[in-house]
Amino acid sequence: MKLVNKYIFTQTLVGFLTILISLTVLIWLTQSLRMIDMIVTKGVSVGIFLKMTLLILPSFLQILSPIALFGVVLFVFIRMQADKELIVLKAVGMNSSELIQSLVLLGGLLVFLGYCLTLWLIPTSYTELRQMRWKIQNDLSHLLLQEGQFNSFKNGTTLYIKERENAGKVKGILAYEIKSDKRSILIADEGSVLQTPEGINLTFNHGTRQEFYPKTHKFSVLKFDKYTMLFSDQANKSSRKLDPREMSLKQLLKATPAEISDPPTYRKYKVEAFKRLTQPLYNLLFLWLAAFGVLSGFYNRRGQSKQVNAVVLAALLLQSLALAFENVAARNLWGLILMALNLFLPLIILYLVLFKERKIGWIHLTLLLACLYPFSSQAMPKIDTANVDKKAPIDFEADK
C-alpha cells in the first residue's frame, strides 16, 4: 500500500470509529431511557437492564455503519480538497480508483463485519433479548421482589410486600386469593421467598388466614405460625412465537408457503432474508457515493458545495427508498426487485464512474431500466377485476 493510501486509510478509519462510537453511545442512551421503566415497574436489576440495552446495539450498528462511513469519507476528501492535497495527487497522475484504493479495503472489511452482524450476531442477540423480555413479563420472581406494590397474577392472587431484606426475608405480607368457591386474605408480619425448580415458595410466619364462602356466606379465621404458598414460575415458552429476526438465514430461505399458512408472515421471512444478504453492501455503496461527490467533476476554487449537497441528498434518498421498498415488499414480494434496484443500480453506476472512468448519461440509465423492466413486470401480480363481485365480503389483513 502506498504512503498516501495509508494516510487516507488512517484518517478515514479514525474518523469512522469516532463517529460510529459517538452515534452508538447516543442510540444506547435513548434506548436506555425507553427501557428504564422496567426497573421501576418490573423490579429488574441493573445488571439485567444493562445487558438488555447492550443486546439492542448490534441491530443499530448495521444501520449506523454506512451513515458514519459516508460522513467521514466525505469529510476527509473535502478537507484534502481544501488543503490542495487532492490537486497535488491528481497532478502526479493518480486517478480516482487509485485514491480510493485503500477505502475499498476498508469498505470490504466493513462488508465482512456487516455479514457477521446480520448472519450471526443480530439474530443471536435479538433472540436472547426477546427471551429476557418474555421472562421479565412472565417470571414471577421479578414481581414478587417488588416493595410497596400490589402485584396481580393470572391465578387470581394479589400480593403485597411492605419491605424486603437480605437472604429472601420479607416483612409486612398481604395476599388476596379469588377462587370459584371462596375468597381468602392472608396477613403475616414476616416471611421468606425461596426460588425452587417448581416455582417460588412464599412462606408466611405468624399470621392469620381469613376465608369467606359467597354461596354459604360462611366466614372463618385461622391463626398460624407458618403457612406456605407456591407460585408457579414456569413461563409458557411454547406460546412465544418466533420473530423472523430470530431465525437463521437457512430457516428463512427454506420457508415455503405450504409450511407457513399466513401470507404476511411468509413475506416477512423473505424480506428479512433479503435484508440480511444485502444490508452490508450499503457500506460499499455509501463509501463510493461519498468519494464520487468530491473526486468526480472539475475542481472549483469556490468549492464543490452543489456537488456535495447533491450526494448528501442522494444518500438520504437511497436510505429513504430502502425503508419504503421494504414496506412495499412486506405487502407484495415484487417489492424485493425494487430493493435490489435501489442497491445494485447505484453500485453499478458508481463503479463505472470511479473505476472505469466512464460517464453515465440518461441513455445508459434508460437502457438499463429497459432491460430490467421485463423481470419487474413478471414479478408484479396481475389482478383481474372484471368479474369481481363488489357486494362480496372483503378480507383485510394488517401487521398491527
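Residues numbered from 1 in each chain as written. Predicted model: local features only at pLDDT ≥ 70, side-chain atom pairs only at ≥ 80, totals over all residues. Heavy atoms only, no water.

Side note on the confidence of the model for the chain
In step 1: When pLDDT is averaged across the chain, the result is 78; 80% of the residues are at 70 or more.
In step 2: Taken element by element, the chain is modelled with least confidence in helix H13 (residues 362-379), mean pLDDT 48, and with most confidence in helix H10 (residues 281-295), mean pLDDT 88.
In step 3: Confidence drops under a pLDDT of 50 for residues 372-383, and excluding neighbours within four residues, the segment shows eight contacts in the predicted structure. (pLDDT = per-residue confidence, 0-100. Helix = DSSP H or I, 4+ residues; strand = E, 2+ residues; numbered from the N terminus. Contact = heavy atoms within 4.5 Å.)

Remarks on the layout of surface pockets
In step 1: Here the largest pocket is characterised by a volume of approximately 1,600 Å³.
In step 2: Asp-243, Arg-245, Glu-272, Lys-275 and Glu-326 are the residues nearest the centre of the largest pocket, which is lined by 49 residues in total.
In step 3: Counting residues per element, the lining of the largest pocket draws most heavily on helix H9 (residues 263-278), at eleven residues.
In step 4: Per-class residue counts for the lining of the largest pocket are 21 nonpolar, eleven polar and 17 charged. (1 Å grid on protein atoms, 1.4 Å probe; cavity = no way out; pocket = protein on both sides within 12 Å on 5 of 7 lines; lining within 4 Å. Points joined across faces, edges and corners; volume = space filled by probe spheres on them. Nonpolar A, V, L, I, M, F, W, Y, C, P; charged D, E, K, R; others polar.)

Quick look at the pairing of strand S2 (residues 157-164)
In step 1: Examined bridge by bridge, strand S1 (residues 150-152) and S2 share three bridges and lie antiparallel to one another. Its bridge partner being in S2, Asn-151 is matched across the sheet by Leu-159.
In step 2: Linking S2 back to strand S3 (residues 169-178) in an antiparallel pair, the connection comprises four residues, with Ala-167 at a positive phi of about 60 degrees. (Pairing = 2+ DSSP bridges.)

Things to note about the nonpolar core
In step 1: Membership of the largest hydrophobic core comes to 45 residues, with the highest contact counts inside it found for Leu-69, Phe-70, Val-73, Phe-77 and Leu-285.
In step 2: Those elements that place two or more of their residues in this core are helix H1 (3-35), helix H3 (46-82), helix H4 (85-91), helix H6 (101-138), H10, helix H11 (305-331) and helix H12 (335-354).
In step 3: Residue contributions to this core peak at twelve residues, all from H10.
In step 4: Excluding anything up to four places from it in sequence, Leu-69 contacts Thr-12, Phe-16, Leu-106, Leu-110, Asn-283 and Leu-287.
In step 5: Membership of the second largest hydrophobic core comes to 13 residues, among which are Leu-186, Ala-188, Phe-224 and Met-229. (Core = buried A, V, L, I, M, F, W, Y, C linked by side-chain atoms within 4.5 Å. Buried < 20%, exposed > 50% of the residue type's maximum accessible area, 1.4 Å probe, protein only.)

Regarding H11
In step 1: The first and last C-alpha atoms of H11 sit 39 Å apart over 27 residues, in line with the 39 Å expected at 1.5 Å per residue.
In step 2: When H11 is considered as a whole, its buried residues turn out to be Val-308, Val-311, Ala-315, Leu-318, Ala-322, Phe-325 and Ala-329.
In step 3: The inward-facing, buried residues of H11 contact H3, H9, H10 and H12. (Expected span 1.5 Å × (residues − 1).)

A few points about the packing of H11 against H12
In step 1: Closest axis-to-axis distance for the H11/H12 pair is 7 Å, and the angle between their directions is 160 degrees. With respect to H12, the element H11 is oriented roughly antiparallel. Crossing of H11 over H12 shows left-handed handedness. Here H11 contributes Leu-318, Leu-321, Ala-322, Phe-325, Glu-326, Val-328 and Ala-329 to the contact with H12, which in turn contributes Gly-335, Leu-336, Leu-338, Met-339, Asn-342 and Pro-346.
In step 2: The residue makeup of the contact of H11 with H12, split by class, is ten nonpolar, two polar and one charged. (Axes fitted to C-alpha atoms, helices over the stretch in contact; angles between N-to-C directions. Parallel < 35°, antiparallel > 145°, perpendicular 65-115°, else oblique. Left-handed = near helix turned anticlockwise from the far one by under 90°.)

Regarding a nonpolar patch on the surface
In step 1: Together, Leu-17, Ile-21, Val-25 and Leu-29 line one region of the surface with nonpolar side chains, adding up to about 350 Å² of accessible area.
In step 2: Take Val-25: it is sitting in helix H1.
In step 3: By relative accessible area, which is 43% here, Val-25 ends up partly exposed. (Patch = residues over 30% accessible without salt bridge, like charges linked within 9 Å, V, L, I, M, F, W, Y side chains within 5 Å. Areas by Shrake-Rupley, 256 points an atom, 1.4 Å probe, with all protein chains shown as cover. Salt bridge = Lys/Arg side-chain N within 4 Å of Asp/Glu carboxyl O.)

As for the packing of aromatic side chains
In step 1: Counted under the stated rule, the structure contains seven aromatic pairs.
In step 2: On the basis of an interplanar angle of 40 degrees and a centroid distance of 5.4 Å, the ring pair of Phe-224 and Tyr-227 is categorised as tilted.
In step 3: Judged by relative accessible area, Tyr-227 falls into the partly exposed class, the value being 24%.
In step 4: Chaining the aromatic ring pairs together yields one cluster made of Phe-70, Tyr-282 and Phe-286. (Phe/Tyr/Trp six-rings, centres within 6.5 Å; stacked < 30°, edge-to-face > 60°.)

Points about H10
In step 1: For H10, built from 15 residues, the straight-helix expectation of 21 Å at 1.5 Å per residue is met to within 8% by its first-to-last C-alpha distance of 21 Å.
In step 2: Taken across its 15 residues, H10 has 14 buried, putting it largely inside the fold.

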